[in-house]
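# Fold and contact review
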Amino acid sequence: MSIRGLSTLPVRLQGSRPVARSFRTVGSGRSPDGAAAPITQPLPDLSENHPRRVVEVVHASDTGAVREAVFAANLQGVPLYPVSTGKNWGIGSRSPVADGCRLLDLSRMNQVRELDLARGIAVVEPGVTQGALAERLAGTPFMLNVTTSCRATSLVGNLLDNGQGVLRLRAEDLLGLEVVLGNGNIITTGAVAQPGHGARCERGAGPDATRLFCQSNFGVVTAAALALVPRPERTSFAYATFSGAALPAVVDCVARLRRERVIDHIFYFGEMQFEPGQRRRPDFTLLGPLLGRQRMVGEALDALGEALAAVPGCKALRTGEADELAPGDPLYHRGRTFLGIPSCEPVRKRFATTSCDLDRTSMRGWSVLQTLLPLEGSAASAGLALLQAGADAWALPVQPHLSSVSDRSLNLMTMIWFQRDADAIERMRGLRDQLRARLGEQGFEPSREGIDALRDARSSRPNDEAWARLKTAFDPNGIIAPGRYVALPGAQPAPRPQTRLAQALQ
Ligand SMILES: Cc1cc2nc3c(=O)[nH]c(=O)nc-3n(C[C@H](O)[C@H](O)[C@H](O)COP(=O)(O)OP(=O)(O)OC[C@H]3O[C@@H](n4cnc5c(N)ncnc54)[C@H](O)[C@@H]3O)c2cc1C
């Protein structure tokens, strides 16, 4: 394979550092941090995507080792698939999009490089878990926007795949990145000033490349600067139950309350299950946090309670303080997430396991579609109708979860639970592909993609050619995460594995 771009600097972004003229190769298949683990079996995947062939797993515990891994990949022509903690459950876990990759595991790169408790900024490496950072913040004026996933999940991997904290989208936390590009250059973006250094409070003048590295494959991210959440005087919650028919009206009500700034954070529409053949929309609950000064939160709770109780179909309304929920309360763990404290217990309970190694220990599989809808009752209703049709067609139950992620949009998270046997896996894949296709026909775009969808993607997204050119500039040999959101120029989609849906559509 020809080597291009290793000693040149095709792009020079803020803080970029040229590649060293000479570099040490790490030898065939050797980990920058020691012996590689050869792979003989496909990696276990909770969401049972089509199995991928992984060459080996290597670890890197600092930016220098990441760079060596990138150089080795260029020299040997073996692509790298970086993961932070590899718990991308529901859409592929640790498995790469393409076959034949070397998995670059960054979980040992776990330094909190900077914790600025005056300005509320943390600079973290990929292996820093949400549990570790939340613990460091206990008793400080700042807290973390945590997810409902387990304590051992990362912040960096989560933000690079458009993750969602319970208060706001992870992208809203992101201030800047340090990245090793596919050509070996190290660049910094946004508020990260220089490689190996801390963060400024804001980025300076000029274009900001930070978002280019989210949901793309231009480089390996080795650190991220995150904005922490000022710990509020009061954290309350509202929790209401509604009859199924009320969903469009409740969505419109939440949209109005968001725009009026009565609520500022994400509200969740959950606890619904669509069974095959079900005729009535199931009841659902609405849950969300209110953060701020005592009196302001009190007034917001009053306004919110009044508005929700006035929606026809409101069956119950409960409000309270997150730090007063008792351990046995069904809302206890959700309340703790509003206080910036993540937990493994609900995850294990849901998957009926005693460890967080869900890929290996969960008896049931779990596949997730993430789709963006307008924050409108009619759109939510149309989306849910498609889910019911899918559940009917494939005889599998579907659990939707809607969250108001901005003033304009809802994220529809569609969870498919299934037995991990051949028949149920095939039905799950058929249902997943049908839902993705039908939601797309309604103009509802994915917000996050699973590895099968990325591999099958047709080259039809706007600006694909421009993205491919950027890919070549950052990663001339295409050795970082081939197929992850951005294709190489001229790449053809992989042949589509035959599901019953594909056969039915032929
Ligand atoms: C019960 C349950 C609840 C969940 N709740 C949430 C939730 O509230 N919000 C949410 O967002 N998710 C949630 N998840 C999904 C998932 O567990 C989290 O998103 C988790 O943070 C992703 O795994 P990770 O942090 O290990 O990231 P990884 O798996 O390490 O990374 C995700 C992807 O990003 C890319 N990547 C990672 N690191 C790098 C790097 N350093 N450089 C370049 N590319 C990289 C890779 O392509 C990787 O596949 C939940 C899952 C379960 C089972």
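So, a few notes on the structure that sits alongside this text. No experiment lies behind these values; they were computed from the predicted model shown.

## Structural notes on the site of the ligand
Close contacts around the ligand come from 30 residues, with Ser84, Thr85, Lys87, Ser154 and Arg448 the closest. Asn88 has a polar backbone atom sitting 3.3 Å from an oxygen atom of the ligand. In this structure, a nitrogen atom belonging to the ligand sits 2.9 Å away from a main-chain N or O atom of Val221. Isolated, the ligand exposes 970 Å² of accessible area, and the fraction of that covered by the protein chains is 95%. Of all elements in the fold, only strand S3 (80-83), helix H3 (156-160), strand S10 (219-227) and helix H7 (345-351) reach the threshold of two or more residues within the shell around the ligand. Grouping the constituent residues of the shell around the ligand by class yields 12 nonpolar, 14 polar and 4 charged.

## Some thoughts on the packing of aromatic side chains
This model, assessed by the stated rule, comprises 8 aromatic pairs. Judged by centre distance (5.1 Å) and plane angle (40 degrees), the ring pair of Phe218 and Phe474 falls under tilted. Separated by 256 residues along the polypeptide, Phe218 in the loop between strand S9 (186-188) and S10 and Phe474 in helix H12 (residues 464-474) bring together distant segments of the chain. Taking the relative accessible area as the measure of exposure, Phe474 reaches 2% and is therefore buried. Between the aromatic rings of Phe351 and Trp366, the centroid separation amounts to 5.5 Å while the plane-to-plane angle is 85 degrees, which identifies the pairing as edge-to-face.

## Concerning the pattern of salt bridges
Following the criterion strictly, the structure yields 28 salt bridges and no others. In this structure, Arg102 engages Glu56 in a salt bridge whose closest nitrogen and oxygen atoms are separated by 2.6 Å. Residue Arg102 is located in strand S4 (residues 101-105), and its partner Glu56 is located in strand S2 (residues 54-59); the two are separated by 46 residues in the primary sequence. The class for Arg102 is buried, based on a relative accessible area of 5%. Take Glu56: its relative accessible area is 9%, and that puts it in the buried class. A salt bridge links Arg119 to Asp116; the nearest nitrogen and oxygen atoms lie 2.4 Å apart.

## Re the sheet that holds strand S6 (residues 121-124)
With antiparallel pairing, the 5 strands of this open sheet are ordered in space as S5-S6-S10-S8-S9. Each of the sheet's edge strands pairs with one partner strand only, and the pair in question is strand S5 (112-116) and S9. Averaged over neighbouring strand pairs, the angle between their axes works out to 10 degrees when direction is ignored. Two strands pair when backbone bridges link them, and strand S8 (residues 174-181) and S10 are joined in this way by 7 bridges, in the antiparallel orientation. Among the inter-strand pairings, Leu181 is bridged to a residue of S10, identified as Gly219. Along the sheet, helix H2 (residues 130-137) contacts S5 and S6; its crossing angle with S5, the most-contacted strand, is approximately 35 degrees.

## As for the nonpolar core
One finds Phe242, Leu247, Val250, Phe269, Leu290, Leu304 and Leu402 to be the most contacted residues of the largest nonpolar core, which totals 51 residues. When near neighbours in sequence (up to four residues on either side) are disregarded, Leu247 contacts Phe269, Met272, Phe284, Ala380, Leu384 and Leu402. Counting residues in each nonpolar core, the second largest holds 43 residues, with Val179, Ile266, Tyr268 and Leu287 among its members.

## Some remarks on the environment of Leu133
Looking at the secondary structure, you find Leu133 in helix H2. Sequence separation of Leu133 and Leu155 is 22 residues, and the distance between their C-alpha atoms is 9.0 Å. Those residues in contact with Leu133 that lie beyond four places of it in its chain are Val112, Leu115, Ala122, Val124, Val128, Leu144, Leu155 and Leu228.

## Topic: the sheet that holds strand S17 (residues 398-404)
Spatial strand order, S15-S12-S14-S13-S17-S18-S16-S19: 8 strands in an open sheet with antiparallel pairing. At either margin of the open sheet sits one strand with a lone partner, and together these are strand S15 (314-321) and strand S19 (446-448). Taken over all neighbouring pairs, the strand axes of this sheet differ in orientation by 25 degrees on average, direction set aside. Alignment of strand S12 (residues 234-242) against S15, held across 7 bridges, turns out to be antiparallel. What sits directly across from Ala240, in S15, is Leu317. Helix H9 (residues 377-394) contacts strand S16 (364-374), S17 and strand S18 (409-419) of the sheet and is inclined by roughly 165 degrees relative to S17.

Conventions we followed
- Per chain, residue numbering runs from 1 following the sequence as it is written.
- It should be noted that, the model being predicted, local features are given only for residues of pLDDT at least 70 and side-chain atom pairs only at 80 or more, the latter also being counted only at that level, while totals for whole chains, interfaces and linings use all residues.
- Side-chain metrics in this entry use all non-hydrogen atoms of the structure; hydrogen atoms and water are not considered.
- Nearness of a residue to a molecule or strand requires only that one of the residue's heavy atoms be within 4 Å of it.
- Pairs of N or O atoms are called polar contacts if they sit within 3.5 Å, as long as, within protein, a hydrogen donor faces a hydrogen acceptor (for residues adjacent in sequence, only side-chain-to-side-chain pairs).
- In this description, accessible areas are obtained by the Shrake-Rupley approach with a 1.4 Å probe, and a residue is regarded as covered only by the protein chains that are shown.
- Secondary structure elements are taken from DSSP: a helix is a run of H or I of four residues or more, a strand is a run of E of two residues or more, and numbering for both begins at the N terminus.
- In this classification, Asp, Glu, Lys and Arg are treated as charged, Ala, Val, Leu, Ile, Met, Phe, Trp, Tyr, Cys and Pro as nonpolar, and every other residue, Gly included, as polar.
- Between 30 and 60 degrees the pair is tilted, below 30 it is stacked and above 60 it is edge-to-face, where a pair is any two Phe, Tyr or Trp rings, Trp via its six-membered ring, whose centres lie within 6.5 Å.
- The cut-offs for exposure are 20% and 50% of the maximum accessible area for each residue type, with area from a 1.4 Å probe on protein chains only; residues under the lower value are buried, those over the upper are exposed, and the others partly exposed.
- Salt bridges are identified by distance alone: a Lys or Arg side-chain nitrogen within 4 Å of an Asp or Glu carboxyl oxygen.
- A pair of strands is considered paired only if DSSP assigns at least 2 bridges between the two.
- Here an angle of 0 to 180 degrees is reported between the N-to-C directions of two axes, which are lines fitted to C-alpha atoms, with helices fitted over the stretch in contact.
- Here a residue-residue contact requires only that any non-hydrogen atoms of the pair lie within 4.5 Å.
- We define the nonpolar core as a collection of buried residues of types Ala, Val, Leu, Ile, Met, Phe, Trp, Tyr and Cys that are connected through side-chain atoms lying within 4.5 Å of one another.

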